[in-house]
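# Report on the structure
These are the residues of each chain, in order.
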Amino acid sequence: MKNMLKLGLILAAYAVTSCFCLALVNNITAPVIEAHRAEQLAQGLKIVYADADSFEPVTDFEKPEGSISIDGLYAAKKNGSVIGAVTKVSGPTYDRATIIVGQDLQGVITGVQFLELSDSPGFGQKARDPSYKTTTGVTFYDQFIGKKAADGFTVGSTFEAVSGATITSRGVGDILTQATYTAGQYLTQFGGAATGAAPVAKKAATVFTYEDAIADMFPTDTYGEISIEEVADGEDRDVAIPGSTDTMWIEKQYLISANGKVIAAAVSASGQSYHDAATVLTAVDEKRTIIGTRITFLDDTPQLGMRTLEEDFYGQFAGKSADQNLLSGADYEALSGASISSDCVADVVKVSAYEAAQLMSKNGGAQAPAGSENYELNKHYNID
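Residues numbered from 1 in each chain as written. Predicted model: local features only at pLDDT ≥ 70, side-chain atom pairs only at ≥ 80, totals over all residues. Heavy atoms only, no water.

## Quick word on the nonpolar core
The biggest cluster of nonpolar side chains holds 55 residues, and the ones touching the most others in it are Phe218, Leu281, Phe313, Val345 and Val351. Top element by residues in this core is helix α6 (residues 339-361). It accounts for 11 residues. Once residues within four sequence positions are removed from consideration, Phe218 is found in contact with Tyr223, Ile226, Ile256, Ile263, Ala264, Ala283 and Ile291. Core analysis: the next-biggest nonpolar cluster, separate from the first, contains 34 residues, Val89, Leu105, Ile109 and Ala149 among them. (Core = buried A, V, L, I, M, F, W, Y, C linked by side-chain atoms within 4.5 Å. Buried < 20%, exposed > 50% of the residue type's maximum accessible area, 1.4 Å probe, protein only. Helix = DSSP H or I, 4+ residues; strand = E, 2+ residues; numbered from the N terminus. Contact = heavy atoms within 4.5 Å.)

Here it is as structure tokens:
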């Protein structure tokens, strides 16, 4: 009993000493860390808005709801007059980023700098790497300089993604959308034009019905009224996997028409997920380009594989060719902690996309390039 009491007192003494030491270290380092962050911000403000001679914190602005937060808004001034604004904004990327964005009264981006980025080394970290260059020869973040916020920030359309880091790039686009919208609203009182579209809330992470999946991929404001024809010939069949004895199952096939012309084909394929199974509907246009893909069934690990239902994941396949491989790290970015689930879903996307392109080729679309039938998958697929 005495030994137990002695041991308890010793452990308590260690605990008290440890807490004291941690508190002491925190009291010493916290001011240093805060001073460093303040200095980093001050330097960043001048980098992203070089024409300003002073920056004044703004408090009277509307803060957004959701996963993206405005951590600070600063009026960029020159000779005492507001000439623009700088926004400090944080939000999800592959993991998370904090960015400062400068824009003038015309809504033109004057600069973008990363203050923090916790994405994966070798892929997402390229977004802040000054040695990484886009195809135009500038860094990922410098490509935004001179762009108009009103044009939006869409991967593959208004800006170039980091190679192999589509999720990171898409996240940055969402962050810039929120930053420029908030700053634009503030700058209207100084004669600036309200710039950037109001950020659109991301879709809920859930499976789609076939009807909802098609409606989501073919919005009326883009495609007008469409008609949908189910193609029974070719449904409920196995598809052989190149170089393997494995197969996937083709469940549904559709032709999508607008103004009396077939504009796309959509095919759903079922294959293996990390836990059990996944069914994906993919739509492809007449040029064999993926319009979109939606998951209609998924049985996978909660909080891990089920994250493939998130728009940031499945949205990265849009715009890719149905004839290219969808390999992790080269053609798409897998989810952290769910790489096998990601690869499995990507394989089902690939098969459904290729089959949709083949259906489209029979209805006025482009023919498959020679050898494209010998595609490669991520090699996690294993189902009889």
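Structure shown, so let's carry the discussion forward.
## Things to note about the side chain of Thr282
By the secondary structure assignment, Thr282 is in strand β10 (residues 277-285). Of the polar contacts made by the side chain of Thr282, one reaches the side chain of Thr293; its length is 2.8 Å. Not counting residues within four places of it along the chain, the set of residues in contact with Thr282 comprises Ala265, Ala266, Val267, Ile290, Gly292, Thr293, Val349, Ser352, Ala353 and Ala356. (Polar contact = N/O pair within 3.5 Å; in protein donor to acceptor, adjacent residues only side chain to side chain.)

## Comments concerning the sheet that holds strand β3 (residues 81-92)
Note on sheets: strands pair through backbone hydrogen bonds, and any given pair is parallel or antiparallel. With respect to topology, five strands assemble into an open sheet ordered β1-β2-β3-β4-β5, the strand pairing being antiparallel. Two strands lie at the open edges of the sheet, namely β1 (54-58) and β5 (109-117), each paired on one side alone. Averaged over all pairs of adjacent strands, the angle between their axes in this sheet comes to 25 degrees, without regard to strand direction. (Pairing = 2+ DSSP bridges. Axes fitted to C-alpha atoms, helices over the stretch in contact; angles between N-to-C directions.)

## Considerations on the pairing of strand β7 (residues 237-240)
Two strands pair when backbone bridges link them, and β7 and strand β8 (residues 247-258) are joined in this way by four bridges, in the antiparallel orientation. Of the residues in β8, the one forming a bridge with Val239 is Met248. Connecting β7 to the next strand, β8, in antiparallel fashion are six residues, including Gly243 with a positive phi near 70 degrees.

## A word on unusual backbone geometry
One non-glycine residue with positive phi stands out, namely Asn79, at about 55 degrees. On the secondary structure map, Asn79 appears in the loop between β2 (69-78) and β3. Positive phi outside glycine occurs at Asn259, with the angle close to 55 degrees. For Asn259, the location among the structural elements is in the loop between β8 and β9 (261-272). Look at Asn259 and you get exposed, because its relative accessible area is 83%.

## As for the environment of Leu298
By secondary structure assignment, the location of Leu298 is in strand β11 (residues 290-298). Remark: the alpha-carbon pair of Leu298 and Thr308, spanning 10 residues in sequence, is separated by 8.9 Å.

## Some thoughts on the environment of Leu187
Structurally, Leu187 is set in helix α2 (residues 166-187). When near neighbours in sequence (up to four residues on either side) are disregarded, Leu187 contacts Val82, Gly84, Ala85, Gln103, Asp104, Leu105 and Gly192.

## Description of the packing of aromatic side chains
Here a ring pair, both rings aromatic, is described through the centre-centre distance and the interplanar angle of the planes. Applying the stated criterion across every chain yields a total of 12 aromatic pairs. Ring geometry for Tyr354 against Tyr375: centres 5.3 Å apart, planes inclined by 55 degrees, an arrangement best described as tilted. On the criterion of sequence distance, the pair formed by Tyr354 in helix α6 and Tyr375 in the segment after α6 is long-range, its members being 21 residues apart. Considered together, Tyr354 and Tyr375 belong to a single accessibility category, that of buried residues. Each member of the aromatic cluster is reached from another via a ring pair, and the members are Phe140, Phe144, Phe153 and Phe159. (Phe/Tyr/Trp six-rings, centres within 6.5 Å; stacked < 30°, edge-to-face > 60°.)

## A few points about the environment of Phe313
Tracing the sequence through the fold places Phe313 in helix α5 (residues 311-314). We classify Phe313 as buried; its relative accessible area is 0%. Along the chain, Phe313 and Val345 lie 32 residues apart, while their C-alpha atoms are 10.0 Å from each other.

## Examining α6
In this model, α6 (23 residues) spans 32 Å end to end at C-alpha, consistent with the 33 Å of a helix rising 1.5 Å per residue. Of all 23 residues in α6, 20 are buried, a share of seventy percent or more. (Expected span 1.5 Å × (residues − 1).)

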